[in-house]
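One-letter residues, chain by chain:
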Amino acid sequence: MEFINSKQGLLISGLVIGGLTAVLALTGNPANMAICAACFIRDIAGSLYLHTAAPVQYFRPEIVGFIVGSFVIAVATKEYRSTAGSSPMIRFVLGFIMMLGSLVFLGCPLRMVIRLSAGDLNAVMALIGIVAGAITGALFLKKGFSLGRESDTNKAAGAVLPVVLVALLIIGLATGAYAMSEQGPGSMHAPVLVALCVALVIGAIAQRTRICFVGGIRNLFLMKDFSLLVPICGIFISMLIYNLATGNFNLGFDGQPISHSQHIWNILGMYAVGFAGVLAGGCPLRQMILAGQGSSDSAVTFLGMLVGAAFAHNFGLASAAAAAATAESEAVLGGPSPTGQIVLVAAIVVLFVIAAVNLRSKKKAAA
Amino acid sequence: MMAYDALEEHPNEPVTILVSSATAKVNVSEVARRKRREATIERDGDDYVITVQ
């Protein structure tokens, strides 16, 4: 077995990714959000005016880096394979729901780990949710859930997403035409070159190690295999060291940056992410890595997340962050609006429908 | 899942598994390794043939 896929290799990979994440935190990315796949896709949606929530508009080079990093390493190691045709529209919906769930919790699984490492106990609620959701998905896998096999397609098709994202990045830098937040999380970002280079390396490592929080829980439940969780532990350790060293560790529920303490919605938000992630074959980061290595189905999932982010902010479905009272304003409890709550619950029902109608009998599957 | 079930159902016989992605190749090889069974991998075009002893 390659060293990188041994337990030691996976741990070192996680530590390296965590270290690189700390670089992004040090150089300007938002607090407790040095990397957040969902939030950053949401910020890109805002930069392209797919939504107009002013605090969260910025074309994140990190997203380009993850996908292109995966693409480059996959081509270099001859693992690039252009595939498509595995229920793309269902995957679009799964991506849409993963984004909705993430924006209710205010973070993807990766940001959940980063928040845990900063002492944010709200992320413990999210952890409960994502574990429960991933186990739900795994139970359907055991019963024969499948979105069908992908088929080989034109080699160029799998390269469309990386190429388009690079083109969009260049256009944005050259013209300044995209929206850019002046306040809020969208205004906090590492320098473009730093963000891009770090993300390229992370994308390459993530492609080689198959890192995926949701997949890790799935494998642990189905096969008692915790290898995919090892790099996650590495990321947590690196970020914990960073947060302790920089005084950013704050154990508790209150006063955490860009978060809320509506526990039931943190749980349900990440339940949706865990469940949808297992059905789709990976969490938001993993979807981008798969898209980079040629899967058009994962590219469609990415588009589902992009549209889901726009939808969430255009219709007020994303959670508000909690805020303490100031001289000018009252305290904000945070969490999703009533509409957001209804839509999230409906989305979870949709996941059960998707899971149920895509069960295959084992005889049919073996034929 | 099908590969995992096949290895469980045939613990003492060779099992040949055809997968279409490098990810699946690594996953199946890891399952075989954890079951203390030897796995050999051959390329068949863009697919991988994994023979688990």
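Rules of the game
- Residues numbered from 1 in each chain as written.
- Chains lettered and ligands numbered in written order.
- Predicted model: local features only at pLDDT ≥ 70, side-chain atom pairs only at ≥ 80, totals over all residues.
- Helix = DSSP H or I, 4+ residues; strand = E, 2+ residues; numbered from the N terminus.
- Rg over C-alpha atoms; globule rule 2.2 N^0.38 Å.
- Contact = placed C-beta atoms within 7 Å.
- Buried ≥ 20, exposed ≤ 12 C-beta atoms within 10 Å, placed from the backbone.
- Pairing = 2+ DSSP bridges.
- Core = buried A, V, L, I, M, F, W, Y, C linked by C-beta atoms within 7 Å.
- Axes fitted to C-alpha atoms, helices over the stretch in contact; angles between N-to-C directions.
- Left-handed = near helix turned anticlockwise from the far one by under 90°.
- Nonpolar A, V, L, I, M, F, W, Y, C, P; charged D, E, K, R; others polar.
- Parallel < 35°, antiparallel > 145°, perpendicular 65-115°, else oblique.
- pLDDT = per-residue confidence, 0-100.
- Expected span 1.5 Å × (residues − 1).

Engineer: Teacher, can you tell me more about the overall build of chain A here?
Structural biologist: Secondary structure summary: chain A contains 15 helices and two strands in total. Relative to a compact globule of 367 residues, whose C-alpha radius of gyration would be 21 Å, chain A shows 19 Å and is just as compact. Along the three orthogonal principal directions, the C-alpha set of chain A runs to about 70 × 40 × 40 Å. Counting contacts in chain A only where the partners sit at least 6 residues apart, residues at least 24 apart contribute 83% of the total.

Engineer: Is there a simple way to think about the overall build of chain B in this case?
Structural biologist: Helix and strand counts for chain B stand at two helices and three strands. Counting helices and strands in the order they occur from the N terminus, chain B gives α-β-α-β-β. Considering chain B as a whole, with its 53 residues, one finds that 28% of them fall into the buried category. A sequence separation of at least 24 residues applies to 47% of the contacts in chain B between residues at least 6 apart.

Engineer: Explanation requested: the pairing of strand β2 (residues 39-44) of chain B in the structure shown.
Structural biologist: On a regular strand, each side chain points to the face opposite its neighbour's, so the side chains alternate between the two faces of the sheet. Residue and element names in this part refer to chain B. Pairing analysis gives six bridges linking β2 to strand β3 (residues 47-52), with the strands arranged antiparallel. Counted as the bridge partner of Glu-42 is Val-49 from β3. The turn joining β2 and β3, which pair antiparallel and follow one another in sequence, is formed by two residues; a positive phi near 70° is taken by Gly-45.

Engineer: Before we go on, may I ask you to explain the nonpolar core in this structure?
Structural biologist: With 118 residues, the main nonpolar core has Ile-41, Leu-100 and Ala-272 of chain A as its most contacted residues. Residues in contact with Ala-272 of chain A, not counting those within four places in the same chain, are Ile-97, Leu-100, Gly-101, Gly-133, Leu-344, Ala-347, Ile-348 and Leu-351 of chain A. Leu-7, Val-28, Val-31 and Val-52 of chain B belong to the second-largest nonpolar core, a separate cluster that totals nine residues.

Engineer: It is not clear to me how the packing of helix α3 (residues 61-76) of chain A against helix α7 (residues 160-175) of chain A should be interpreted in this structure. Could you clarify?
Structural biologist: Any two packed helices are characterised by how steeply their axes cross, that is the angle between the axes, and by the distance between the axes. Residues and elements named next belong to chain A. Here α3 crosses α7 at 145°, and the two axes come no closer than 9 Å. With respect to the hand of their crossing, α3 and α7 are arranged in left-handed fashion. Facing Pro-61, Ile-63, Val-64, Ile-67, Val-68 and Phe-71 of α3, the residues of α7 in contact are Leu-161, Pro-162, Leu-165, Val-166 and Leu-169.

Engineer: What is the right way to look at the interface of chain A and chain B in this model?
Structural biologist: How big an interface is tends to be reported as the loss of accessible area on association of its parts. On the chain B side, the residues contacting the 13 residues of chain A number 13 residues. Residues that form the side of chain A that touches chain B fall into these classes: five nonpolar, two polar and six charged.

Engineer: Looking at this structure, I do not really get the sheet that holds β2 of chain B. What am I missing?
Structural biologist: Strand-to-strand pairing in sheets goes through backbone hydrogen bonds, with the strands running parallel or antiparallel. Residues and elements named next belong to chain B. Sheet architecture is open: three strands sit in the order β1-β3-β2, paired in antiparallel fashion. Taken across any chain shown, the strands that pair with only one partner, and hence form the sheet edges, are β1 (15-19) and β2. Direction aside, the axes of adjacent strands within the sheet are offset by 20° on average. Sheet analysis places β1 next to β3, joined by five bridges and oriented antiparallel. Looking at the pairing, Val-19 lines up with Tyr-48 of β3.

Engineer: Looking at this model, I keep getting lost on the packing of helix α5 (residues 109-117) of chain A against helix α10 (residues 230-245) of chain A. Mind explaining?
Structural biologist: All names here are of chain A. One can describe the packing of α5 onto α10 by two numbers: an axis separation of 8 Å at closest approach and a directional angle of 40°. Viewed along their axes, α5 and α10 adopt a mutual orientation that is oblique. Crossing angle aside, the handedness with which α5 passes α10 is right-handed. On the side of α5, the interface is formed by Val-113, Ile-114, Leu-116 and Ser-117, while α10 contributes Ile-232, Ile-235, Phe-236, Met-239, Leu-240 and Asn-243. Residues of the contact of α5 with α10, tallied by class, amount to eight nonpolar, two polar and no charged.

Engineer: What should I look at first to understand the confidence of the model for chain B in this one?
Structural biologist: Close reading of the predicted structure is inappropriate where its pLDDT is low. Residue and element names in this part refer to chain B. Mean pLDDT over chain B works out to 84, with 100% of the residues at or above the 70 mark. By mean pLDDT, the top-scoring element of chain B is β1 (89), and the lowest-scoring one is helix α2 (residues 22-34) (82). Predicted complex metrics record ipTM = 0.76 and pTM = 0.93.

Engineer: Looking at this structure, I do not really get helix α14 (residues 338-357) of chain A. What am I missing?
Structural biologist: Helical geometry note: an α-helix holds 3.6 residues per turn, so side chains three or four residues apart project in the same direction. With 20 residues, α14 of chain A should reach 28 Å at 1.5 Å per residue; the first-to-last C-alpha distance of 29 Å fits that figure. The inward-facing, buried residues of α14 of chain A contact α4 (88-105), α6 (122-142) and α11 (263-280) of chain A.

Engineer: Would you mind going over helix α8 (residues 192-209) of chain A with me for this structure?
Structural biologist: Residues and elements named next belong to chain A. Along its 18 residues, α8 runs 25 Å from first to last C-alpha, staying within 8% of the 26 Å computed at 1.5 Å per residue. When you tally the buried positions in α8, you get 13 out of 18 residues, the bulk of the element. Residue Arg-210 follows α8 closely and has a positive phi angle near 60°.

Engineer: Sorry if this is basic, but what is going on with the environment of Ala-195 of chain A here?
Structural biologist: All names here are of chain A. Here Ala-195 shows up in helix α8. A residue is classified by how many C-beta atoms lie within 10 Å of it, and Ala-195, with 24 of them, is buried. C-alpha of Ala-195 to C-alpha of Val-230: the two residues are 35 residues apart in sequence and 24 Å apart in space. For Ala-195, the residues in contact, after removing those within four places along its chain, are Leu-24, Pro-61, Glu-62, Gly-65, His-189 and Ala-190.

Engineer: Teacher, can you tell me more about the environment of Asn-32 of chain A here?
Structural biologist: Residue and element names in this part refer to chain A. Considering the arrangement of structural elements, one finds Asn-32 in the loop between α1 (7-26) and α2 (37-47). On the neighbour-count criterion, Asn-32 (26 C-beta atoms within 10 Å) is buried. Each C-alpha atom, one on Asn-32 and one on Leu-285, is 17 Å from the other, the two residues being 253 residues apart in sequence. If sequence neighbours within four positions are ignored, Asn-32 has contacts with Ile-114, Arg-115, Ala-118, Asp-120, Gln-256, Pro-257 and Ile-258.

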